[in-house]
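Close look at the chain arrangement
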Amino acid sequence: MDLDVNNNDSVARPADMMKIIIILLLLAITLSAALAAGSTCRGITLSGAGAFGAFEAGVIWGLLDKRATSDVEWQFATGVSAGSLNAAIMSMFSVGDESAASQYLNNLWLGITQEQVFVEWPGGVVDGLLLQKGIFNDAPLNKYLHAHVNQTMINQSTRGLQFGATNIDTGNFDLFNKSASDIALALQASCSIPGIWPPTVIDDVVYQDGGVTYMTPVTDTARLCYDTGATEVILDVIMIGYMEDDVNMADAKTIDLLMRTLHIIKTNWYYKDIFTTFQAFPDVVINVYYPTGPFPGNVLSFSYSAPLLKIGYDTAMNESTTFGLTKNNFESALNKAFPFGLNL
């Protein structure tokens, strides 16, 4: 039998191959666009809090009990100061494993003590004020973070992580993520309260608490979500921003006046962070969780974690202590929630 070597019917011509490639590319682009059109990204953002970080852990615990599973599958966890620690713990566990993350977080706060965070210098507070770079020595915190924050788990997790610290050299808010060579040290930098604890040095750069420049990194969290191609972004923001609506300060003395002033400044920082987010990303949806009354202890009191967890849990379960914000209502909602004068 003679073979017809010129018969190429069974072999695709170059022109035909090009058509197939173009068709496949168009199908891939169409499929990608279809997926992106309906995609949702969820993130959780945690503010600076000190020992009140236990409240944030309680809110997370309550949200897991209250919501549908899909509504707490946060693709990103971000934070500042104690909020950065909570975010890092959440990011040790992959998306879909929020219950294990919450349990680890609760156990961490229930077990923490002041001595694991800071101690006095050998010469006491006077030593800290006059001869050191902070009133207290936070060397124990470095050891604690390295013992409880598992960098390998963070790197293997599917949940994104981002937090920040204030670069004292430049005044900028420097961001850290999973690529940091020493996440525990970067967390210590984010938690280094000025004057209270010494600054943290990373690669010859001097850092202090991220809350000096940015109390709640809401805008950065929205950007992370939108960068995934998502068209719907929903953020859960947990803040430590309690403020009495009206306080008579006529008879207040120096310390009380100073503390009230600082509290007003701090609370405005919290909510102007949200305002900035809506300016940058007007279609974002933000759920804000905040305390409606004073906490036991103070930001350096690490012996009240159990009641703080309970307050946080109740806050998550009680709709009256939260509010949902969109581009259509955020200004009026914030001013209604904080009538002392945000004036947004």
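Residues numbered from 1 in each chain as written. Predicted model: local features only at pLDDT ≥ 70, side-chain atom pairs only at ≥ 80, totals over all residues. Heavy atoms only, no water.

When pLDDT is averaged across the chain, the result is 84; 76% of the residues are at 70 or more. Mean pLDDT across the elements of the chain bottoms out in helix α1 (residues 14-37) (58) and peaks in helix α4 (residues 98-111) (97). Per-residue pLDDT stays below 50 along residues 33-37; that stretch engages in three contacts with residues further than four places along the chain or on separate chains. Below a pLDDT of 50 lies the segment residues 339-344, which in the model reaches 20 contacts outside its immediate sequence neighbourhood of four places, other chains included. (pLDDT = per-residue confidence, 0-100. Helix = DSSP H or I, 4+ residues; strand = E, 2+ residues; numbered from the N terminus. Contact = heavy atoms within 4.5 Å.)

On to helix α11 (residues 305-317), then. Spanning 13 residues, α11 covers 18 Å between terminal C-alpha atoms, matching the ideal 18 Å at 1.5 Å per step. All of the buried residues along α11 are Ser305, Leu308, Leu309, Gly312, Tyr313, Thr315 and Ala316. In a view along the axis of α11, the buried residues occupy a sector of 160°, so they form one face of it. (Expected span 1.5 Å × (residues − 1). Buried < 20%, exposed > 50% of the residue type's maximum accessible area, 1.4 Å probe, protein only. Arc of directions from axis to C-beta.)

So, about the pattern of salt bridges. Two side chains that carry opposite charge are able to pair once their charged atoms sit near each other. Under the defined criterion, the tally for this structure stands at five salt bridges. When the shortest N-O distance is used, the salt bridge between arginine 42 and aspartate 71 registers 2.8 Å. Placement of the pair is arginine 42 in strand β1 (residues 40-46) and aspartate 71 in the loop between α2 (53-66) and β2 (76-80), with a sequence separation of 29 residues. Overall, aspartate 71 belongs to the partly exposed group, its relative accessible area being 26%. A salt bridge links aspartate 236 to arginine 67; the nearest nitrogen and oxygen atoms lie 2.6 Å apart. Residue aspartate 236 is located in strand β7 (residues 232-238), and its partner arginine 67 is located in the loop between α2 and β2; the two are separated by 169 residues in the primary sequence. (Salt bridge = Lys/Arg side-chain N within 4 Å of Asp/Glu carboxyl O.)

Among the structural elements, serine 70 can be located in the loop between α2 and β2. Taking the C-alpha atoms as reference, serine 70 lies 9.5 Å from arginine 42; in sequence the two are 28 residues apart.

Quick look at the state of the cysteines now. Per the counting criterion, the structure on display carries one disulfide. Put simply, cysteine 41 and cysteine 225 are joined by a disulfide, and their sulfur atoms are 2.0 Å apart. Classification of the bridge connecting cysteine 41 and cysteine 225 rests on its S-S torsion, roughly -65°, and on that basis the disulfide is left-handed. With cysteine 41 in strand β1 and cysteine 225 in helix α9 (residues 218-226), the pair connects residues that are 184 residues apart, well separated along the chain. The two residues cysteine 41 and cysteine 225 agree in class, both being buried. (Disulfide = S-S within 2.5 Å.)

Attention shifts here to unusual backbone geometry. Its identity is not glycine, yet serine 81 carries a phi of approximately 55°, on the positive side. The phi torsion at aspartate 204 lies on the positive side, around 70°, for a residue other than glycine. Checked against the element boundaries, aspartate 204 lands in the loop between β5 (200-202) and β6 (205-208).

Right, let's talk about the side chain of serine 91 for a bit. One can find serine 91 in the loop between α3 (82-90) and α4. Overall, serine 91 belongs to the buried group, its relative accessible area being 0%. At 3.2 Å, the side chain of serine 91 and the backbone oxygen of glycine 160 are in polar contact. Excluding its chain neighbours within four sequence positions, the residues that come into contact with serine 91 are Ala77, Met153, Ile154, Ser157, Arg159, Gly160 and Leu161. (Polar contact = N/O pair within 3.5 Å; in protein donor to acceptor, adjacent residues only side chain to side chain.)

This part covers the pairing of β7. In terms of burial, β7 is largely enclosed, as six of its seven residues are buried. Pairing of β1 with β7, which is carried by seven bridges, proceeds in the parallel orientation. Bridged to arginine 42 within β7 is isoleucine 234. Pairing between β7 and strand β8 (residues 285-289): five bridges, direction parallel. The partner of aspartate 236 across the bridge, within β8, is asparagine 287. (Pairing = 2+ DSSP bridges.)

Another aspect to go through is helix α8 (residues 183-190). With eight of its eight residues buried, α8 lies for the most part within the structure. Of the residues making up α8, those classed as buried are Ile183, Ala184, Leu185, Ala186, Leu187, Gln188, Ala189 and Ser190.

It is worth spelling out the side chain of threonine 45 at this point. Relative to the helices and strands, threonine 45 is located in strand β1. Not counting residues up to four positions away in its chain, the partners in contact with threonine 45 are Thr78, Thr216, Pro217, Val218, Thr221, Asp236, Val237 and Ile238.

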